[in-house]
Amino acid sequence: QQKVQQSPESLIVPEGAMTSLNCTFSDSASQYFAWYRQHSGKAPKALMSIFSNGEKEEGRFTIHLNKASLHFSLHIRDSQPSDSALYLCAVSIGNSAGNKLTFGIGTRVLVRP
Amino acid sequence: NAGVIQTPRHKVTGKGQEATLWCEPISGHSAVFWYRQTIVQGLEFLTYFRNQAPIDDSGMPKERFSAQMPNQSHSTLKIQSTQPQDSAVYLCASSSSTGEDTQYFGPGTRLLVL
């Protein structure tokens, strides 16, 4: 059964700094990797996803995937107070979001002005 | 596009009562997922449908939980004989079949079993 773990559990960063979040997974057959963000009391919302090894950048957000290490990460450049939220990583054996996702328990991020 | 709609937003039941949760996926989306979120366990997969057919219910607690998708516009999650440990936020999500790599979540139903 897929195990997904996130680190750190929580993080406080100053405004303008880089936020770095980590996710490890157990099943080497995994094909789809994503980060979701959940503001307090709101629904999780997808940030980015990646399918193959390497890096993908969208605006201030960058996702890195290393399948051999069973690890992927999210980096947020120039962090803003509005980035304060619970960040969830998600993994699927399937090759798209049209399949069951296994989530980590989350990293709670607080960006201080 | 109204997004994924879930009703009710909050539900309080007594131990042993039945709870039915409703989900209306985004129009045109072929896959519908149910998840449960608690502080301790995080976001856990329960079950999902594709084109109304049940695909995987491996996360469903046995006996008391059931899910149906009678038509493409709604799905229900029914919990019989609710227990305090069923208290959680139940989230429904939908995704399209066109390769779009996102599941869209509804706002959730917060269930409290007293």
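What this report covers is the structure whose coordinates are included nearby.

What counts, and at which threshold
Residues numbered from 1 in each chain as written. Chains lettered and ligands numbered in written order. Predicted model: local features only at pLDDT ≥ 70, side-chain atom pairs only at ≥ 80, totals over all residues. Heavy atoms only, no water. Pairing = 2+ DSSP bridges. Helix = DSSP H or I, 4+ residues; strand = E, 2+ residues; numbered from the N terminus. Axes fitted to C-alpha atoms, helices over the stretch in contact; angles between N-to-C directions. Salt bridge = Lys/Arg side-chain N within 4 Å of Asp/Glu carboxyl O. Buried < 20%, exposed > 50% of the residue type's maximum accessible area, 1.4 Å probe, protein only. Disulfide = S-S within 2.5 Å. Patch = residues over 30% accessible without salt bridge, like charges linked within 9 Å, V, L, I, M, F, W, Y side chains within 5 Å. Areas by Shrake-Rupley, 256 points an atom, 1.4 Å probe, with all protein chains shown as cover.

**Concerning the sheet that holds strand S1 (residues 5-7) of chain B**
Residue and element names in this part refer to chain B. The sheet built from four strands is open, its strands ordered S1-S3-S8-S7 with antiparallel pairing. Where the open sheet ends on each side, the last strands, each with one partner, are S1 and strand S7 (65-71). Going from strand to strand, the sheet's axes swing by 20° on average, the running direction of each strand aside. Note that strand S3 (residues 19-24) and strand S8 (residues 74-79) share five bridges and pair antiparallel. Residue pairing across strands places Thr20 opposite Lys78, the latter belonging to S8.

**Remarks on the pattern of salt bridges**
Within this structure, the stated rule accounts for five salt bridges over all chains. A salt bridge links B:Arg64 to B:Asp86, with the nearest nitrogen and oxygen atoms 2.7 Å apart. In this pair, B:Arg64 is assigned in the loop between strand S6 (53-56) and S7 and B:Asp86 in the loop between S8 and strand S9 (88-95), connecting sequence segments 22 residues apart. For B:Arg64, a relative accessible area of 21% gives the class partly exposed. Several salt bridges share partner residues, and in doing so they unite A:Arg37, A:Arg60 and A:Asp83 into one network.

**Concerning the state of the cysteines**
Enumeration according to the criterion identifies two disulfides over all chains in this entry. Sulfur-sulfur distance for the disulfide between A:Cys23 and A:Cys89 comes to 2.0 Å. Looking along the S-S bond of the A:Cys23-A:Cys89 disulfide, the torsion reads about 65°, which is the right-handed sense. Taken together, the residues span a long stretch of sequence, with A:Cys23 in strand S3 (residues 19-25) and A:Cys89 in strand S9 (residues 85-92) at a distance of 66 residues. The pair A:Cys23 / A:Cys89 is uniform in exposure class, with both members buried. Sulfur-sulfur distance for the disulfide between B:Cys23 and B:Cys92 comes to 1.8 Å.

**Some words on a nonpolar patch on the surface**
Residue and element names in this part refer to chain B. A contiguous nonpolar surface patch, about 300 Å² in accessible area, is contributed by Val12, Leu112 and Leu114. Note on placement: Leu114 falls in the segment after strand S11 (109-113). You can call Leu114 exposed: its relative accessible area is 63%.

These figures capture arrangement, not role.
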